[in-house]
Amino acid sequence: MQISDYKMNEIKNWWPYSYRTQDEQNNKYCFILLNQPILDSALAVRLWTGSSMKVTVDGGTSIWAKLINNSQYSIEKEVPDLITGDFDSADIENIEYFKRMGAEVIETMDQDRTDFTKCLDEVGKRIYGRTSTTTSGQISGTATTSGQDISVVYAYVENSGRLDQIMANIQTLFFGEEYLGSIPLYLINSQSISWLLQPGKHSIHLPEEVLLVPGKSEAEVLDSLHCGLIPLAGPTIVTSTGLKWNLNEDELKFGALVSTSNAFASKEIVIETDKPLLWTMDIIT
């Protein structure tokens with residue numbers, strides 16, 4: 001089957017650097033801190049400070065408490081808006097402290113879903129004013145006043161430590177639409193930004209200000225940025241423009257071709273895919 005059979009009516013636009021351009025684009029985002037040591041405190045604090053909804057997940061709460069207790073940064077609002085998890089890896093003293101300071105604490109005991117997945121469910125409830133996800137997996141309810149402001153969700157987690165936990169975080173991306181609807185969900189860390197491209201056509205945009213690196217031309221900066229297209233849902237037909245090594249209805253699959261260590265040739269990348277495809281790229285901080 002040709003990729004054209006899967007074309008959607010509209011292109012899905014992605015602005016992974018919304019957190020840096022929110023004033024110009026009026027983007028309000030939710031920041032979720034997962035349970036993994038932070039390797040770039042400046043980036044984590046920047047994301048936290050600029051967010052309209054601040055969330056810590058289980059052990060991420062203790063990681064945040066440690067950061068603010070040993071931080072050189074001035075953080076105006078240190079208390080999370082929401083803390084979720086089964087709390088098997090968090091310091092309960094940190095949970096209780098933030099609760100006394102006004103944080104909403106939700107214990108999520110369901111062991112059939114990861115703490116990250118359950119957190120997305122809770123975030124979605126607050127954005128859309130719903131009490132549960134429908135059996136069809138579709139968003140029900142209307143956006144709350146605060147939810148109308150949230151247009152992006154960033155989940156900070158380093159790609160280090162246990163491989164099964166890394167894969168679990170990627171697995172949660174597949175639940176993004178179920179819990180967040182059309183709101184983009186990005187995994188972000190000190191090295192990369194990653195997200196899931198659903199079947200259809202996508203346009204990925206890099207703002208010009210991100211590409212302004214002293215001593216380098218825009219073309220040099222683009223060429224130095226690595227990216228990858230990972231076929232997690234089995235053999236996947238992909239077409240792209242704007243990459244150093246483009247694809248033309250090529251089949252990506254493990255054991256054959258997987259487009260890793262690709263690079264940018266343009267500040268706008270267009271990708272068509274017939275199955276869910278993981279996109280990952282270097283971050284410029």
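See the structure above.
Residues numbered from 1 in each chain as written. Predicted model: local features only at pLDDT ≥ 70, side-chain atom pairs only at ≥ 80, totals over all residues. Heavy atoms only, no water.

Undergrad: Can you help me understand unusual backbone geometry in this one?
TA: With the exception of glycine, most residues fall at negative phi, and the peptide bonds are largely trans. Not every positive phi belongs to a glycine, and F87 is a case in point at roughly 60°. Secondary-structure assignment places F87 in the loop between β4 (82-85) and α4 (92-100). With relative accessibility at 13%, the residue F87 sits in the buried group. Its identity is not glycine, yet S261 carries a phi of approximately 55°, on the positive side. Among the structural elements, S261 can be located in strand β13 (residues 259-263). On the basis of relative accessible area, S261 is assigned to the exposed category, the value being 54%. (Helix = DSSP H or I, 4+ residues; strand = E, 2+ residues; numbered from the N terminus. Buried < 20%, exposed > 50% of the residue type's maximum accessible area, 1.4 Å probe, protein only.)

Undergrad: What should I look at first to understand the pattern of salt bridges in this one?
TA: Pairing of side chains with opposite charge becomes possible as their charged atoms draw close. Taken as a whole and assessed by the stated rule, the structure comprises 12 salt bridges. In this structure, D110 and R113 form a salt bridge, with 2.9 Å as the shortest nitrogen-oxygen distance. You can call R113 partly exposed: its relative accessible area is 28%. For the salt bridge of K267 with E208, the shortest nitrogen-to-oxygen distance reads 2.9 Å. Within this pair, whereas K267 is found in the loop between β13 and β14 (268-273), its partner E208 is found in the loop between β9 (200-205) and α8 (218-224), the two being separated by 59 residues in sequence. Here the salt bridges do not stand alone but share partners, grouping E104, E122, K125 and R126 into one network. (Salt bridge = Lys/Arg side-chain N within 4 Å of Asp/Glu carboxyl O.)

Undergrad: Help me out: how do you make sense of the sheet that holds β14 in this one?
TA: Strand pairs in the sheet, formed through backbone hydrogen bonds, run parallel or antiparallel to each other. Read from one edge of the open sheet, 5 strands run β1-β9-β14-β11-β12, paired in mixed fashion. Single-partner strands in this sheet number two, and they are β1 (12-14) and β12 (250-252). Recorded for the sheet is a direction-independent mean angle of 30° between the axes of neighbouring strands. Sheet topology note: the β9/β14 ladder contains 6 bridges and is antiparallel. Within β14, the residue paired with K201 across the bridge is E272. (Pairing = 2+ DSSP bridges. Axes fitted to C-alpha atoms, helices over the stretch in contact; angles between N-to-C directions.)

Undergrad: Would you explain the pairing of strand β2 (residues 28-33) in this entry?
TA: Where a strand is regular, its side chains alternate between the two sheet faces. Burial of β2 is extensive: 5 of the 6 residues sit out of reach of the surface. Two strands pair when backbone bridges link them, and β2 and strand β6 (residues 150-156) are joined in this way by 6 bridges, in the parallel orientation. Paired with Y29 across the strands is V152, a residue of β6. Bridge count between β2 and strand β3 (residues 53-57): 4 bridges; the pairing is parallel. Bridge pairing in β3 links F31 to K54. Of the crossover connections in this fold, the one passing from β2 over helix α2 (residues 41-50) to the parallel β3 is right-handed. (Right-handed = clockwise from strand over helix to strand, strands pointing away.)

Undergrad: Help me understand the environment of E107 in this model?
TA: When you line up the elements, E107 lands in strand β5 (residues 104-107). By relative accessible area, which is 51% here, E107 ends up exposed. Along the primary structure E107 and T84 are separated by 23 residues, whereas in three dimensions their C-alpha atoms are 5.7 Å apart. Excluding residues within four positions of it along the chain, E107 makes contact with G85, D86 and F87. (Contact = heavy atoms within 4.5 Å.)

Undergrad: What exactly am I supposed to notice about α4 here?
TA: Taken together, the buried positions of α4 are N94, I95 and F98. For α4, the buried positions fall inside an angular range of 100° around the axis, keeping them on one side. Of the exposed residues in α4, those oriented more than 90 degrees away from the buried face are E93 and R100. The inward-facing, buried residues of α4 contact α3 (59-69), β4 and β5. Following α4 by one or two positions, G102 has its phi on the positive side, about 115°. (Arc of directions from axis to C-beta.)

Undergrad: Any chance you could explain the sheet that holds strand β15 (residues 277-282) here in plain terms?
TA: An order of β5-β4-β3-β2-β6-β7-β8-β15-β10-β13 is seen for the 10 strands of this open sheet, with the pairing classed as mixed. A strand with exactly one partner marks an edge of an open sheet, and here the two such strands are β5 and β13. Averaged over all pairs of adjacent strands, the angle between their axes in this sheet comes to 20°, without regard to strand direction. When strand β10 (residues 226-230) meets β13, the two strands line up antiparallel, connected through 3 bridges. Residue pairing in the sheet places C227 in a bridge with N262 of β13. Helix-sheet contacts for α2 involve β2, β3, β6 and β7 (185-188), and the interaxial angle to β2 is about 135°. Docked against the sheet, helix α5 (residues 115-128) engages β2, β3, β4, β5, β6 and β7, running at close to 155° with respect to β3.

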